[in-house]
Amino acid sequence: MTINPSDIVDITNVVLILLGVLLIALFVRTYIIKKILKLVARTKTTLDDYIIPSFTKPFIYSIILASVFISAKTATRLSLFQTQIDEAGIIALIIWAAYTSIKILHGIATWYFSNLTPDKIRVKAYSQIIRISVHLIIWIIAGSMVLHKIGIDITPLVATLGVGGLAVGLALQDTLANFFAGFYIIIERNIEPGDYIELEGTSVKGYVEQISWRTTRIRTLSNNSINVPNSRFAQSITTNYTIGDRMLRVSIPFMISYDNNLESVEQTVIKAAKEFIKEHPNAIKKIEPGFIFTEFGESNINCSLNIAIDNFDNMYAVRSALIKYIKRELERHRISISWPKRIIYQK
């Protein structure tokens, strides 16, 4: 078996090119990129801290693709396939550009949502739906360009996809409704991970753990996990107890007998509430308690006491402590708490 000298030259060129590329890639990864990261760490903006790491892998891949392309172009035995090599190079470039765009846009999205909130769980929830949408759009565009480049007419394919998309859309309307509802939840930010929410007309209430493209996971106070379809939030009224100012008022309704002196009741309850606020660590000291008589009942006078607390998390514990404290003070001042009763007169 004779070896053609041109084959030796081709093999030597390929080996030298690949070795050179490996050395360049190693040098870039261990030295250049580290230097660049140190430089961007000194800049005022944090955007480059996310973009540069996102571009690291695409840059290495570009060096490898370029080496393969140059090796193929310089190989003597492949001289008859230069047109095909050029087309393959363009296709590889399209795929690399799509991958690079996705990585960079993901870095930008992570930077943007990190500025909205320092909570890593929220950042992950925010970027998940955006990432899925960006991936889908970019790969559809890249796939169309590749098909066009290899000579496949995409017009019939687009028409077929249009009809097929309509059928799929009808079949997956619930899934699509959940997807777009999740997208609106992310954009509007009325519900965020960590919020305590309640869905009207259901028994679902708890802390939002994760907002995904299809469902929102809620952790109840009893430590159960509930996955709620995102479309339910668009169809129901949602009460968010923790959005904005986390301060809220704890209200305690109770009833007193008609035999009590209302002035004495009001003074006793307000004084007791003020003392409770001073003693309890979760009660807000600068906000005065509120007390009102709400209505004349059939066998009692209805009242309501409310105080401000710092966080919804402490509502049930504060309410329980306040009920015990008020009851003890009312009993100490001999103010009777009433209950519904009916007197029947028999002739």
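Residues numbered from 1 in each chain as written. Predicted model: local features only at pLDDT ≥ 70, side-chain atom pairs only at ≥ 80, totals over all residues. Heavy atoms only, no water.

Participant: Go over the packing of aromatic side chains with me, naming the residues and quoting the values.
Facilitator: For the structure shown, the criterion picks out six aromatic pairs. Ring centres of phenylalanine 291 and phenylalanine 293 lie 5.1 Å apart, and the angle between their planes is 80°; this geometry places the pair in the edge-to-face category. Note on phenylalanine 291: relative accessible area 9%, which makes it buried. Of the residues examined, phenylalanine 293 reaches a relative accessible area of 29% and is grouped as partly exposed. Here the aromatic cluster, defined as three or more aromatic residues joined through ring pairs, consists of Phe254, Phe291 and Phe293. (Phe/Tyr/Trp six-rings, centres within 6.5 Å; stacked < 30°, edge-to-face > 60°. Buried < 20%, exposed > 50% of the residue type's maximum accessible area, 1.4 Å probe, protein only.)

Participant: Talk me through helix α9 (residues 315-332); I want residue IDs and the actual numbers.
Facilitator: Between its first and last C-alpha atoms α9 spans 26 Å; for 18 residues at 1.5 Å apiece the expected length is 26 Å, and the two agree. Looking only at α9, the buried set comprises Met315, Val318, Leu322, Tyr325, Ile326, Glu329 and Leu330. Angularly, the buried residues of α9 cover 130° about the axis, an arc narrow enough to put them on a single face. Across from the buried face of α9, at angles greater than 90 degrees, the exposed residues are Ala317, Lys324 and Arg332. Summarising the contacts, the buried residues of α9 are in contact with β6 (248-256), α8 (262-279) and β8 (301-309). (Helix = DSSP H or I, 4+ residues; strand = E, 2+ residues; numbered from the N terminus. Expected span 1.5 Å × (residues − 1). Arc of directions from axis to C-beta. Contact = heavy atoms within 4.5 Å.)

Participant: Summarise the sheet that holds strand β7 (residues 290-296); cite the residues concerned and give the values.
Facilitator: Spatial strand order, β6-β8-β7: three strands in an open sheet with antiparallel pairing. Only two strands of the sheet have a single neighbouring strand rather than two, namely β6 and β7. For this sheet, the mean angle separating the axes of adjacent strands, direction not counted, is 25°. Relative to β8, β7 runs antiparallel, the two being bridged by six bridges. In the sheet register, glutamate 295 faces β8, and the bridge partner there is asparagine 302. Across the sheet, α8 touches β6, β7 and β8, and the angle it forms with β7 is around 145°. (Pairing = 2+ DSSP bridges. Axes fitted to C-alpha atoms, helices over the stretch in contact; angles between N-to-C directions.)

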